Amino acid sequence: MISILIAVTMASMIPVHRGGDTDLISAPYLQIGPDPAPGKLDLCWQTYDSTGWEPAYRISPSGAWINAKASATHAITLAGTRPRYLHIAQMDRLVPGSTFSYHLVHRGTEIFTTDARAPQSGDRHTRFVAMGDIGAGSREAKLIAGLAWKQKPDYVVIPGDIVYDRGRVSEYDDNFWPVYNADKADSNGAPLMRSVTFIAAPGNHDTEGKDLGAHPDAFAYFYYWDQPLNGPGKKEGAPAFNDVHIPDNLRTAFMSGAGDRYPVMANFSFDQGNVHWLFLDANPYVDWTDAGMRDWVRRDLAASKATWKFVLFHHPGFSSSRAHFEQQQMRTLAPIFDSTRVDLVFNGHVHNYQRSYPMAFVPEDEGMTLTDGPGSNRPRGRVINGLWTLDKSFDGVKNTRPKGVIYLVTGAGGQDLYDPEQEKAPDTWQKFTKVFHSTTHSISVVDIEGKELVMKQVDLGGRTVDAFRIRK
């Protein structure tokens, strides 16, 4: 049985700075990299100086330092700003589930050192936090970072809207790094990203405004995230990533910073412990009715032998909120999730928390595409009607074996809350909704051990506003 308490403390993970190196723009952070595997993580750091950096790690307090393997340095050159560099190095001799140390030396001087935790492998106990719509820079977003830190997660997943309002480098500087990679845990943020991996899917505020001519520092998702490159859509254009405007005078600089991550990193999959994760781009510009895109999803999920299968994307297909109700385009994938036995689907976009009954859904057809307005051909969303089958016998306490997929909206990560008046008005909910909590900001905390899962939705007051257990 899963123990909700975790013995490993993160108190020792507060970093130590030695000197004030002005070339280090923000503290180093951890990523799963393009080819995740047990015992392997990528270390990323952002600087003004392109050379002279020596990252190293050790797997025990008395062990020798191991040089991290330099992987890449991407120049981020934006008009009117000082060039900066994103460095990536690989640490490939970690012990899964263990605490390790790493440091950063610049021209012979150690300027940063901290402890971190390597992800678990196999069926061992692991805990992750899911929180969407986070990078608002608000008081609540900063407190949410502290709440996530207190949960002592092994990793954090983000179902989109990583940073507001346009996914710009400047917005990461203001609203993201100081909050989720802070030097200490307090009311302004927490040192999360240097201690555990963050993994993110793009939301509308990250990639939907596809015009670098208007905002040359946009698309920062493709600069800063170091994630798998195993998805479809390796080139610009429909059905995966279309209608992009990158002026010729900006394209070379953008591609230098983004490298081979653009645009394929918008969709990817990976294994973490005994979980198979599928991250998708749910923005309306993606055509998920396309046969090739759907086949990629089906093959990816069907091929996995993992105990648990989770899917994560931004726009929820199943939501009872009045806000964004018409953006149902991801419902078209529900039959694939059903047939491949997906357990949980995590979404954001709607700034509250919702849980569906375990369910199956059969669309009537491909639905009706909505546009931004008269005379516009820009897709706004898609309304898809159909029939659902609900498992109302599952209570997550006595009956812990759901029949169907459970859809979770966990978008209360820091932006203004949506539809608080609906929380106590269940007559406004759709029939597939079991829980609707919209009056406090909250995060999803999931514990997994072998064939048992416990999910808790925890709000800023420390209250558990929803919980359920699944056993296989």
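See the structure shown above.
Conventions used here
Residues numbered from 1 in each chain as written. Predicted model: local features only at pLDDT ≥ 70, side-chain atom pairs only at ≥ 80, totals over all residues. Heavy atoms only, no water. Helix = DSSP H or I, 4+ residues; strand = E, 2+ residues; numbered from the N terminus. Rg over C-alpha atoms; globule rule 2.2 N^0.38 Å. Buried < 20%, exposed > 50% of the residue type's maximum accessible area, 1.4 Å probe, protein only. Contact = heavy atoms within 4.5 Å. Core = buried A, V, L, I, M, F, W, Y, C linked by side-chain atoms within 4.5 Å. Pairing = 2+ DSSP bridges. Axes fitted to C-alpha atoms, helices over the stretch in contact; angles between N-to-C directions. Phe/Tyr/Trp six-rings, centres within 6.5 Å; stacked < 30°, edge-to-face > 60°. Lys NZ or Arg CZ within 6 Å of the ring centre and 35° of its normal. Lys, Arg positive; Asp, Glu negative; His and termini not counted. Salt bridge = Lys/Arg side-chain N within 4 Å of Asp/Glu carboxyl O. Polar contact = N/O pair within 3.5 Å; in protein donor to acceptor, adjacent residues only side chain to side chain. Arc of directions from axis to C-beta. Expected span 1.5 Å × (residues − 1).

Novice: How would you sum up the overall build of the chain? Please name residues and give values.
Specialist: Regarding its fold elements, the chain presents 8 helices and 26 strands. Here the chain has a C-alpha radius of gyration of 21 Å; the compact-globule value for 472 residues is 23 Å, and the two agree. Judged by the C-alpha coordinates and their principal axes, the chain covers about 65 × 55 × 40 Å. For the chain, the proportion of its 472 residues judged to be buried stands at 58%. A sequence separation of at least 24 residues applies to 74% of the contacts in the chain between residues at least 6 apart.

Novice: Now, about the nonpolar core: what can you tell me, with residues and values included?
Specialist: For soluble globular proteins, nonpolar side chains are generally found buried alongside one another. Counting 106 residues, the largest nonpolar core has Phe-176, Tyr-224, Trp-225, Trp-277, Leu-280 and Phe-337 as its most contacted members. Sorting elements by how many residues they give to this core places helix α1 (residues 139-150) first, with 6 residues. If we ignore the near neighbours within four places in the chain, the residues touching Trp-225 are Gln-31, Ile-158, Ile-162, Tyr-172, Phe-176, Met-193, Phe-198, Ile-199, Ala-200, Arg-261 and Met-265. By size, the runner-up hydrophobic cluster in this structure holds 20 residues, among which are Leu-41, Leu-43, Ala-68 and Phe-100.

Novice: Talk me through the sheet that holds strand β23 (residues 433-437); I want residue IDs and the actual numbers.
Specialist: Across the sheet, which stays open at both edges, the 7 strands sit in the order β13-β14-β15-β16-β22-β17-β23 with mixed pairing between neighbours. On the outer flanks of this sheet lie β13 (268-272) and β23, each paired with one strand and no other. Adjacent strand axes in the sheet meet at a mean angle of 15 degrees when their direction is disregarded. Bridge analysis of strand β14 (residues 275-279) against strand β15 (residues 308-312) gives 5 bridges, and the strand direction is parallel. Residue Val-275 lies in a different strand from β15, and its bridge partner there is Trp-308.

Novice: Report on the packing of aromatic side chains, specifying residues and quantitative values.
Specialist: Geometry of an aromatic ring pair is reported as the spacing of the ring centres plus the angle between the planes. What the rule picks out here adds up to 45 aromatic pairs. With a centroid separation of 5.7 Å and 35 degrees between ring planes, the pair formed by Trp-277 and Phe-346 is classed as tilted. Placement of Trp-277 in strand β14 and of Phe-346 in strand β16 (residues 344-347) is noted, with a sequence separation of 69 residues between them. Comparing Trp-277 with Phe-346, the two get one shared label, buried. The aromatic ring of Tyr-48 is capped on one face by Arg-82, whose charged end is 4.1 Å from the ring centroid. Residue placement shows Lys-472 over the ring face of Trp-308; its charged tip is 4.6 Å from the ring centre.

Novice: Can you break down the side chain of Asp-391 residue by residue, with the values?
Specialist: Structurally, the position occupied by Asp-391 is in the loop between β21 (386-390) and β22 (406-410). Here Asp-391 is buried and forms no salt bridge, its nearest opposite-charge partner Lys-403 lying at an N-O distance of 5.8 Å. Engagement of the side chain of Asp-391 in a polar contact is seen with the side chain of Ser-393, the distance being 2.6 Å. From its side chain, Asp-391 meets the backbone nitrogen of Lys-403 in a polar contact 2.9 Å long.

Novice: Which residues make up the environment of Leu-417, and what are the values?
Specialist: Structurally, Leu-417 is set in the loop between β22 and β23. Overall, Leu-417 belongs to the partly exposed group, its relative accessible area being 23%. For the pair formed by Leu-417 and Thr-252, sequence separation is 165 residues and the distance between their alpha carbons is 39 Å. In this structure Leu-417 touches His-351, Ala-412, Ser-438, Thr-439, Thr-440 and His-441, once residues within four positions along its chain are discounted.

Novice: Can you tell me about the sheet that holds strand β2 (residues 24-31), naming the residues and giving the values?
Specialist: Taken in spatial order, the 4 strands of this open sheet run β2-β3-β7-β6, and their pairing is antiparallel. Pairing within the sheet leaves two strands with one partner each, and these edge strands are β2 and β6 (69-76). Neighbour-to-neighbour, the strand axes of this sheet turn through a mean angle of 15 degrees, independent of strand direction. In the sheet, β2 pairs with strand β3 (residues 41-47) via 5 bridges, with the strands oriented antiparallel.

Novice: Just give me the short version of helix α6 (residues 248-258), but keep the residues and values in it.
Specialist: Leu-250, Phe-254, Gly-257 and Ala-258 are the residues of α6 that are buried. Along the axis of α6, the buried positions cluster into a sector of 85 degrees, meaning they face one direction only. Opposite its buried face, α6 presents the exposed residues Asp-248 and Thr-252, each directed more than 90 degrees away. Elements in contact with the buried residues of α6: β6 and α5 (221-224).

Novice: Can you lay out helix α7 (residues 291-303) for me, pointing to particular residues and giving the numbers?
Specialist: Taking 1.5 Å per residue as the helical rise, α7 with its 13 residues ought to reach 18 Å, and the 18 Å between its terminal C-alpha atoms agrees with that figure. Here α7 has its buried residues at Met-293, Arg-294, Trp-296, Val-297, Asp-300 and Leu-301. Summarising the axial view, the buried residues of α7 lie within an arc of 155 degrees, below the 170-degree limit, and thus occupy one face. Across α7 from its buried face, at more than 90 degrees, point the exposed residues Ala-291 and Ala-303. Looking at the packing, one finds that the buried side of α7 touches β13, β14, β15 and α8 (334-339). Capping the start of α7, Asp-290 holds a side-chain oxygen 3.0 Å from the backbone nitrogen of Gly-292, two or three residues further along.

Geometric descriptors of this kind do not, in isolation, establish any biological role.
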